[in-house]
Amino acid sequence: MAAIFSKERLLEELDQCPEFEGIDSNELADKLSILADIGKTPAGGVTRFPYTNEEKQAKSVFKEWMSEIGLDVREDAIGNLFGTLHGSSPDLLVVMTGSHLDSVPNGGAFDGPLGCLSSLLAIKAIASKQEKPKRSIELAVFVDEEGARFKNGIFGSRVMMGEVDAADFKSFKDDKGNVLYDEMVRCGHDPDRVQDSYRKPEDIHAFLELHIEQGKRLESENKDIGIVSGIAGPSWTSFTFIGETDHAGNTPMNFRRDTLAAAAEFILKVEQAPGRFSQTAVATVGKINVFPNGTNVISGKTEVIVDARDIDLAARDAMISALKDEAMNLSKVRGVTVDINDGINISPVIVPDHIQGIIRASAEASGMTSLSLPSGAGHDAMTLGKYVPSGMIFVPSLNGKSHSPEEWTSLPDCIRGVQVLKESLDQLAN
Ligand code: HGY
Ligand code: MN
Ligand code: MN
C-alpha cells in the first residue's frame, strides 16, 4: 500500500529539522495531524468540503489556535476566517497571509492546511519577538478554494475582493442539489451581509501564501524553496451531451444516441488539445456525471467538466474555444446535442519582482537553496495577486504527488518553508 500521512511518519524526521527561532517542529507535526484527522477517509486521505461539519470542525480548531497566540479572530459573512496580529502603526496597510482548509475528494493532508499552519507559526514567532511589527499581519483562511463541492473554486478570496455576484450563491448547487446559499446559512453564516466581507485593494500592503508545490521540480532539482514567478489561470467549462436513454440489449447500434460514447470521444480531444496551443497549456476532464448511469442502459445525458489552464491567457482561451467547436461538430455527427456552460474563468497572475526578491533573500539568509518556477495549480494568491503585490512560497512534494492520500512533504521541508515565510512577512511588516 502506498505510504500515506501519519504523525509518526512526520516525526521520523524530527531530528533532521533545522532549528529556527520561535518555530517549534513538534507543534507543526501535532497541528497538521489534528487537521488531517478531520475528514479522514478510509483510504487515508482527506475529504473536507466547504460548508460541511468537517470544515466547521477544522475551522473551530483553527480559531482556537489563533486565539491562543493572541490574534484578534473574526469570521466574515460567508465564513472566511481571519486572525490579526496588531502592529505598532495600525494606520499602515496590513500584510496578509494564509491559504485554505477545504480539500478535494480523498485529497492530501498538506494542500491548504500547511499554508494556514505555516502562517500561524510564522506569526507566532514574529509575535514572540520583543518589538511589535510595524504593520498588522492578518492570517486569512479562505473558504472553498478547491471548488470540489459547488464547482466554484478560488471562491472565498474572490468573494472578499468583490468578484462574485451574491445572486450566484443561490445558483450554485452540489451533486445532491443542495444550494450554496442554504448551506452557508445552515453553517451559521449570513450571506445577505456579503458586502461586509468586501476588502479594498488599497487596504492591503501585500499577500503571501505558502503551499506545497504539487509538482516534481523542487524534488528533481534538489531545491529547498520554490519562488513562484506566476500562477496559471484555471477555467472550467461544462459540456452536457443530450441523447436518448435506451435499452442496452434491444437497441441496434445504428439506432443509438449514446451520450457516454460522445463524451468519451470528446474527452480524448480534450487530452489532445493543449499541445496545439502552447508548451504550458494543460486540459483535464476529472469529473463526469452520467445519467442514469446504469450498466444495461444507454446514457441519455452525460456531463463533463473541462479544467483548462495556462500561464498564457490568449493560448488558454483559444484552446477552450477550439474545444467548444469540436464538441459541437462531434455531437452533430453523433446525432446528439451539447449544452455548453462557462464556469470559473480566472486570469493568470505574475508575481512582482520585489516580492520574489524578498522571498529569495529570506531563503538565502536562512541558508536555503531556491528555484524560481511558475505554478500550474491555482491558488487564492491568484485572486489577491490581481489587486495587491502577492507571492507564493513552495515547499517540495514527494514524487510531485498531490490531490491524493500519497501527498507528502517532509517535516524538515515544512519547517524550512515556515522560516522563509516568517522572514518574508517580517520584512514586509517592517
Ligand atoms: O485546482 C487547483 O489548481 C487548486 O488545487 N485549487
Ligand atoms: Mn488543491
Ligand atoms: Mn491548495
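The structure this text deals with has already been given above.
Starting from 1, residues in each chain are numbered consecutively following that chain's sequence as written. All chains are assigned letters beginning at A, and all ligands numbers beginning at 1, according to the order in which they are written. Local features in a predicted model are, by the rule used here, given only for residues with pLDDT of at least 70; side-chain atom pairs are given and counted only at 80 or more, and totals for whole chains, interfaces and linings are based on all residues. By convention in this description, side-chain values take in all heavy atoms of the structure and omit both hydrogens and water.

Novice: Honestly, the layout of surface pockets in this entry has me stumped. Any pointers?
Specialist: Here the idea is plain: a probe the size of a water molecule rolls over the atoms and shows the empty space left. The distinction between a cavity and a pocket rests on a 1 Å grid over the protein atoms alone: a 1.4 Å probe fits inside a cavity but cannot get out, while a pocket stays open yet meets protein on both sides within 12 Å along at least five of seven lines, and a residue with an atom within 4 Å of a point counts as lining. Grid points are joined across faces, edges and corners, and a volume is the space filled by probe spheres set on the points. Within this model, the second largest pocket holds a volume of roughly 400 Å³. When contributions to the lining of the second largest pocket are tallied by element, the ones reaching two or more residues are β7 (233-242), β11 (301-310) and β12 (337-345). A run of H or I in DSSP counts as a helix once it spans at least four residues, and a run of E counts as a strand once it spans at least two, with each numbered from the N terminus. The element best represented in the lining of the second largest pocket is β12, accounting for four residues.

Novice: So what exactly am I meant to see when it comes to the site of ligand 1 here?
Specialist: Any residue with at least one heavy atom within 4 Å of a molecule or strand is counted as near it. Taken together, Glu145, Glu146, Arg309, Ala377, Gly378 and His403 form the complete shell of residues around ligand 1. Identification of polar contacts relies on pairs of N or O atoms within 3.5 Å, with a donor-acceptor requirement for protein atoms, meaning one able to donate a hydrogen and the other able to accept it, and with residues adjacent in sequence counted only if both atoms are side-chain atoms. At 2.8 Å, a side-chain N or O of Glu145 approaches a nitrogen atom of ligand 1. Split by residue class, the shell around ligand 1 holds one nonpolar, two polar and three charged. In this classification, the charged set is Asp, Glu, Lys and Arg, the nonpolar set is Ala, Val, Leu, Ile, Met, Phe, Trp, Tyr, Cys and Pro, and all remaining amino acids, among them Gly, are polar.

Novice: Teacher, can you tell me more about the sheet that holds β12 here?
Specialist: Pairing between sheet strands relies on hydrogen bonds along the backbone, with the strands arranged either parallel or antiparallel. Here, a strand pair is defined by DSSP locating no fewer than two bridges between the strands. Strand order in the open sheet formed by four strands is β9-β11-β7-β12, with antiparallel pairing between adjacent strands. Two strands bound the open sheet, and with one partner strand each, they are β9 (282-291) and β12. For this sheet, the mean inter-axis angle between neighbouring strands, taken without regard to orientation, is 20°. Here β7 pairs with β12 via seven bridges, running antiparallel. By the bridge assignment for β12, Phe239 is matched with Ile340. All axes here are fitted lines through C-alpha atoms, helices being fitted over the stretch that makes contact, and every angle between N-to-C directions spans 0 to 180 degrees.

Novice: Sorry if this is basic, but what is going on with unusual backbone geometry here?
Specialist: What is expected of a backbone is that most residues other than glycine have negative phi and most peptide bonds are trans. A cis amide bond, omega 0°, links Phe291 with the succeeding residue Pro292. Residue placement: Pro292 occurs in the loop between β9 and β10 (297-298). Even without being glycine, Lys151 reaches a positive phi, approximately 60°. Inspection of the secondary structure assignment puts Lys151 in the loop between β4 (137-142) and α5 (155-160). At Ile154, a residue that is not glycine, the phi angle is positive and equals roughly 50°. Secondary-structure assignment places Ile154 in the loop between β4 and α5. A 1.4 Å probe rolled over the protein chains alone gives each residue an accessible area, and that area as a share of the maximum for its type sets the label: buried under 20%, exposed over 50%, partly exposed in between. Overall, the relative accessible area of 4% leaves Ile154 in the buried class.

Novice: Before we go on, may I ask you to explain the packing of aromatic side chains in this structure?
Specialist: Side-chain rings of Phe, Tyr and Trp, where Trp is taken by its six-membered ring, are said to pair if the distance between their centres is within 6.5 Å; with planes under 30 degrees apart they count as stacked, over 60 as edge-to-face, and otherwise as tilted. Applying the stated criterion across every chain, the model contains nine aromatic pairs. Ring geometry for Phe110 versus Trp408: centroids 5.5 Å apart, planes at 80°, classification edge-to-face. Linking Phe110 in the loop between β3 (94-100) and α4 (113-127) with Trp408 in the loop between β15 (390-395) and α12 (411-429), this pair joins segments that are 298 residues apart in sequence. Judged by its relative accessible area of 1%, Phe110 falls in the buried class. Two conditions define a charge located above a ring, namely a distance within 6 Å from the ring centre to NZ of Lys or CZ of Arg, and an angle within 35 degrees of the ring normal. Lys31 extends its terminal NZ or CZ atom over the ring of Trp65, reaching a point 5.1 Å from the ring centre. A cation over a ring is seen here: Arg199 above Phe82, with NZ or CZ 5.8 Å from the ring centre.

Novice: Which parts of the structure should I look at to understand the coordination of the manganese ion (ligand 3)?
Specialist: When a metal carries six donors in an octahedron, the ideal angles between them are 90 or 180 degrees, while four donors in a tetrahedron ideally lie at 109.5 degrees. At 2.1 to 2.2 Å from the manganese ion (ligand 3) lie its protein donor atoms, namely His100 (NE2), Asp111 (OD) and His211 (NE2). Sites may look incomplete, because water is not among the atoms used; the donor set itself consists of N, O and S atoms within 2.8 Å of the metal (3.2 Å for Na, K and Ca). Considered as a linear motif, the donors of the manganese ion (ligand 3) on their single chain read H-x10-D-x99-H. A relative accessible area of 2% means that His211 is categorised as buried.

Novice: I'm lost on the side chain of Thr251 in this one. Help?
Specialist: On the secondary structure map, Thr251 appears in the loop between β8 (246-247) and α8 (259-272). There is a polar contact of 2.7 Å between the side chain of Thr251 and the backbone oxygen of His247. Ignoring sequence-local partners within four residues, the contact set of Thr251 consists of Asp246, Arg256 and Ile298. Contacts are residue-level and defined by heavy atoms, with any inter-residue pair within 4.5 Å sufficient.

Novice: How should the coordination of the manganese ion (ligand 2) be read in this particular structure?
Specialist: Within the protein, the atoms that donate to the manganese ion (ligand 2) are Asp111 (OD), Glu146 (OE) and His403 (NE2), at distances of 2.0 to 2.2 Å. One chain supplies every donor for the manganese ion (ligand 2), spaced along it as D-x34-E-x256-H. In this structure, the manganese ion (ligand 2) lies 3.5 Å from the manganese ion (ligand 3), and both are coordinated by Asp111. With Glu146 in the loop between β4 and α5 and His403 in the loop between β15 and α12, the pair connects residues that are 257 residues apart, well separated along the chain. Given a relative accessible area of 39%, His403 falls into the partly exposed group.

Novice: Explain the pairing of strand β6 (residues 225-231) here, please?
Specialist: Both faces of the sheet carry side chains from a regular strand, because those side chains alternate between them. Where burial is concerned, most of β6 is hidden: six out of the seven residues are buried. In this structure, β6 lies alongside strand β14 (residues 370-375), joined through five bridges in parallel fashion. Bridged to Val228 within β14 is Leu373. For β6 and β15, the ladder comprises two bridges, and the chain directions are antiparallel. Looking at β15, one finds that Gly226 is bridged to Phe394. By the bridge criterion, two bridges tie β6 to strand β13 (residues 349-350) in an arrangement that is antiparallel. When the sheet's bridge partners are listed, Ile231 is paired in β13 with Val349.

Novice: Just checking my understanding: could you explain the environment of Glu55 for this structure?
Specialist: Secondary-structure assignment places Glu55 in helix α3 (residues 53-68). In sequence terms Glu55 and Ser103 are 48 residues apart; their C-alpha atoms lie 9.1 Å from each other. Residues contacting Glu55, with those up to four places away along its chain left out, are Arg48, Phe49, Pro50, Val143 and Asp144.

Novice: Sorry, what's going on with the pairing of strand β2 (residues 81-85) here?
Specialist: Most of β2 is tucked away, with five of its five residues classed as buried. Of the two faces of β2, both are covered, the one formed by Leu81, Gly83 and Leu85 as well as the one formed by Phe82 and Thr84. Pairing between strand β1 (residues 72-75) and β2: four bridges, direction antiparallel. Counted as the bridge partner of Asp72 is Thr84 from β2. In this structure, the hairpin formed by β1 and β2 is closed by a connection of five residues, where Gly79 is found at a positive phi of approximately 105°. The pairing of β2 with β4 spans five bridges and is classified as antiparallel. Note on β4: the bridge partner recorded for Leu85 is Ile137.

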